[in-house]
Every structure is written in C-alpha cells, then in structure tokens.
Amino acid sequence: MSAKQSVTVIGLGPMGRATAKILLAAGVDVTVWNRTPGKAEALAELGAKPAATVAEAIAANDTILLSLIHYDAMYGVLEQGPADLTGKTIVNLSSDSPANTAKGAGWVLDRGARFLTGAYMTQSDDIQHPASHLYISGPKELHDELRPLLELLCTNEYLGADYGLAQLYYQAGLAMFHAYLTSLQQALAMIERSGGSVDTFIELTKDDAQSQRDFTLYFAEAAKQGGWGDLAALKMMHAGAQHVIDASEDAGVDAALTRTIQDYYQRALDATEKTGEVVPVYQIFRNAAG
C-alpha cells in the first residue's frame, strides 16, 4: 500500500486512540504501538496491527503519526528505533511550545526523515466534531502529499512552513480555553452557592458565542493599534473585577482567578501613572520581559 493508505500511530492516549479509530474506520491500514501494550490490543479488535517494538512500528509504514504527552517524549520513543530514518515521514501531533517543536523538527530532520507538526484544536478527543481542526505547519509540499490522509481526521488548516506555527496558534487557543473553562467553573460555583439556578444562567448566556466573537474581533483590531482602553476604562475594569471578587467571596467561592485578572488592570494603572501615558493590559502581556 502507498503511504497515503497505510500509517503507523505511536502513542495511544485519548487522542492517539481517537486518531487510530478514525483511520481504521476509513479503511486505512494502521499499525499501532504504545508503551503499555493493553491499549494496542484493544485497537487490534478494530483491525489495527499492534507492533511489539518501536522499531517494528517504524518499519511497518513510511508515515508515522506521533501522539505523545510532549515533544521530549518523542526522543525517548524514536531512539528505540533505527538511527537512520531516511524514507520516513514523522507527523508529530503532540502538544508543546513552538520552540520545543522547532527543536524536535531539527532532531528528526538530522536523522533523515521528513517532518510535519500538527495540533488538534478539538473538543476533547472528539476529533470529528464539526468545529474540530488540525493545525499543520512544515513544508507545504509535504502537507499537500499527506493531506488526503490527514483530512480523514478532520479539517486541516495549513499555517506555513515554520515548524512552530501550528503550536503557536494552538497554544494561543488554549490560553483562551483554559481561562474560559476555569472562569466558567467559578461562575457556576457562584450561582450554585448563592442559591441561583444553573439552568437559568445557561439560558441567559445562550447568545454568548456571537458576543465573544464580536469581542474577539474588536480586541484583535485594538491589539494591532497597541491595545484597548483609556484611563477610565482601566479603572472601570479594575472596579468591575472587585465586584466579581466580592460576589464570589460572599458566596464562599474562591476568587483567586479574578484577583489575578484584577492585578493586570492594577499593573496597567501603575504603568500608566509611571509613564504618564495610558498603558493597556495588552502591553502588560506583550512586554512582560521589559
């Protein structure tokens, strides 16, 4: 079979298992390997071919998809296979920083393989959710070659030749997601502890997705101009954060997240007073080193 019709999946955590299952369902010939063999055996019932060793898994196919905890794990895994990876293509779908991704790409290229980096922007391991995307970066011609295979997983977004780009946009998305998910839990705890109705809150916020999109567009445009907010806006946001803190703590809910948010407005206010010019919160993030 050609590389587009057969593939090896190394790493069978939630995302690796989901990847293998989708490819198997699409009729792809899939070889799998995992440090603990039980997960590979479960996939064998669906038609996957478990490899006994990493070397066997790499030898089975020219295209190898990695789904590991981070890029450091890649070194320890691939070092169990051949030192010369000429003729192989490694697509690393693991999460990490752009810098670690670039380092990992160099390591793979030095061993003769071709390399793409990918990142699933999905709801948990629901790769084929309509909103799911696979961010890809690396050589465009390589992605063009593998796209028929990778598109079986979910919609691909090719972001450029720089190996770190897929992780840059992925981690930026996670920065928003982590803040949202944590703040949502704070909000639900506030309502529940105060005797309110979570169902009412869900109904009241049913149009938030469009509102958040509007805010995203507005603040992104403001960021291009240096950031949002004049002195009055910074003071208003600082005071508003205090109201959330008071409401949370009155209900016996941890308000540490909102205190951290308030601290950014305080730092912006302090920098504004020091410089004599308005310093938006965006600049506090952007110029953290200075």
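Source: prediction; values computed, not measured. (Residues numbered from 1 in each chain as written. Predicted model: local features only at pLDDT ≥ 70, side-chain atom pairs only at ≥ 80, totals over all residues. Heavy atoms only, no water.)

Some remarks on the packing of aromatic side chains
Thought 1: As enumerated under the stated definition, the model contains 7 aromatic pairs in all.
Thought 2: In textbook terms, an aromatic cluster arises when at least three aromatic residues are bridged by ring pairs, as seen for F215, Y218, F219 and W228.
Thought 3: Across from the ring centre of W107, 3.8 Å away, lies the NZ or CZ of R111, which sits over that ring. (Phe/Tyr/Trp six-rings, centres within 6.5 Å; stacked < 30°, edge-to-face > 60°. Lys NZ or Arg CZ within 6 Å of the ring centre and 35° of its normal.)

Considering the UniProt feature "domain: 6-phosphogluconate dehydrogenase NADP-binding" (unreviewed entry) in the protein
Thought 1: In the numbering used here, UniProt assigns the "domain: 6-phosphogluconate dehydrogenase NADP-binding" (unreviewed entry) feature to residues 7–153.
Thought 2: Helix makes up 40% of residues 7–153 and strand 22%, whereas the separation of the span's terminal C-alpha atoms amounts to 13 Å. (UniProt positions renumbered as here; feature names shortened; annotations may be inferred. Helix = DSSP H or I, 4+ residues; strand = E, 2+ residues; numbered from the N terminus.)

Considering the sheet that holds strand 5 (residues 89–92)
Thought 1: Strands sit in the order 3-2-1-4-5-6-7-8 across an open sheet of 8 strands; the sheet is mixed. Only two strands of the sheet have a single partner each, and these edge strands are strand 3 (49–50) and strand 8 (155–158).
Thought 2: Relative to strand 6 (residues 114–121), strand 5 is paired through 4 bridges, and the arrangement is parallel. Its bridge partner being in strand 6, V91 is matched across the sheet by L116. (Pairing = 2+ DSSP bridges.)

Let's talk about the UniProt feature "domain: NADPH-dependent reductive aminase-like C-terminal" (unreviewed entry) in the protein
Thought 1: In this structure's numbering, the residues bearing the UniProt feature "domain: NADPH-dependent reductive aminase-like C-terminal" (unreviewed entry) are residues 162–286.
Thought 2: Helix makes up 79% of residues 162–286 and strand 0%, with an end-to-end C-alpha separation of 21 Å.

A closer look at the environment of Q283
Thought 1: Take Q283: it is sitting in helix 12 (residues 281–286).
Thought 2: Spatially, the C-alpha atoms of Q283 and A271 are 9.8 Å apart, while their sequence positions differ by 12 residues.

Some remarks on the pairing of strand 8
Thought 1: Strand direction decides the pairing type here: strand 7 (residues 133–137) and strand 8, joined by 4 bridges, are parallel. Directly across from Y135, in strand 8, lies its bridge partner E157.
Thought 2: The β-α-β motif built from strand 7, the intervening helix 6 (residues 140–150) and the parallel element strand 8 has right-handed crossover chirality. (Right-handed = clockwise from strand over helix to strand, strands pointing away.)

Points about the nonpolar core
Thought 1: The biggest cluster of nonpolar side chains holds 28 residues, and the ones touching the most others in it are L23, V30 and V32.
Thought 2: Going through the elements one at a time, strand 1 (6–10), helix 1 (14–25), strand 2 (29–33), helix 2 (37–44), strand 6, strand 7 and helix 6 are the ones with two or more residues in this core.
Thought 3: Ranked by the residues each element gives to this core, the list is headed by helix 1, at 5 residues.
Thought 4: Discounting residues that sit within four places of it in the chain, V32 has contacts with V9, L12, A20, A40, L43, A48, K49, P50 and A51. (Core = buried A, V, L, I, M, F, W, Y, C linked by side-chain atoms within 4.5 Å. Buried < 20%, exposed > 50% of the residue type's maximum accessible area, 1.4 Å probe, protein only. Contact = heavy atoms within 4.5 Å.)

Overview of the packing of helix 4 (residues 71–78) against helix 5 (residues 98–110)
Thought 1: Between helix 4 and helix 5, whose axes approach to 9 Å, the crossing angle comes to 20°. When the axis of helix 4 is compared with that of helix 5, the two are roughly parallel. You can see that helix 4 and helix 5 cross each other, and the crossing is left-handed. Contact with helix 4, carried on its side by Y71, M74, Y75 and L78, involves N100, T101, K103, G104, W107 and V108 of helix 5 and no other residues of that element. (Axes fitted to C-alpha atoms, helices over the stretch in contact; angles between N-to-C directions. Parallel < 35°, antiparallel > 145°, perpendicular 65-115°, else oblique. Left-handed = near helix turned anticlockwise from the far one by under 90°.)

Description of the packing of helix 10 (residues 231–250) against helix 11 (residues 256–275)
Packed helix pairs are specified by the crossing angle of their axes together with the interaxial distance, meaning the distance between the axes.
Thought 1: Here helix 10 crosses helix 11 at 155°, and the two axes come no closer than 9 Å. Here helix 10 is positioned roughly antiparallel relative to helix 11, judged by the angle of their axes. Crossing handedness for the pair helix 10 and helix 11: left-handed. Between helix 10 and helix 11, the contacting residues are L231, L234, K235, M237, H238, A241, Q242, V244, I245 and E249 on the first element and T258, R259, Q262, Y265, Q266, A268, L269 and T272 on the second.

Description of the pattern of salt bridges
Thought 1: Within the structure shown, the criterion is met by 9 salt bridges.
Thought 2: Among the ionic pairs, D144 bridges to K140, the shortest N-O distance being 3.1 Å. Of this pair, D144 and K140 both sit in helix 6, 4 residues apart, which is roughly one turn of the helix.
Thought 3: Put simply, D263 and R267 hold a salt bridge, and the shortest N to O gap is 3.9 Å. Of this pair, D263 and R267 both sit in helix 11, 4 residues apart, roughly one helical turn.
Thought 4: Residue classification places D263 among the partly exposed residues on the basis of a relative accessible area of 38%. (Salt bridge = Lys/Arg side-chain N within 4 Å of Asp/Glu carboxyl O.)

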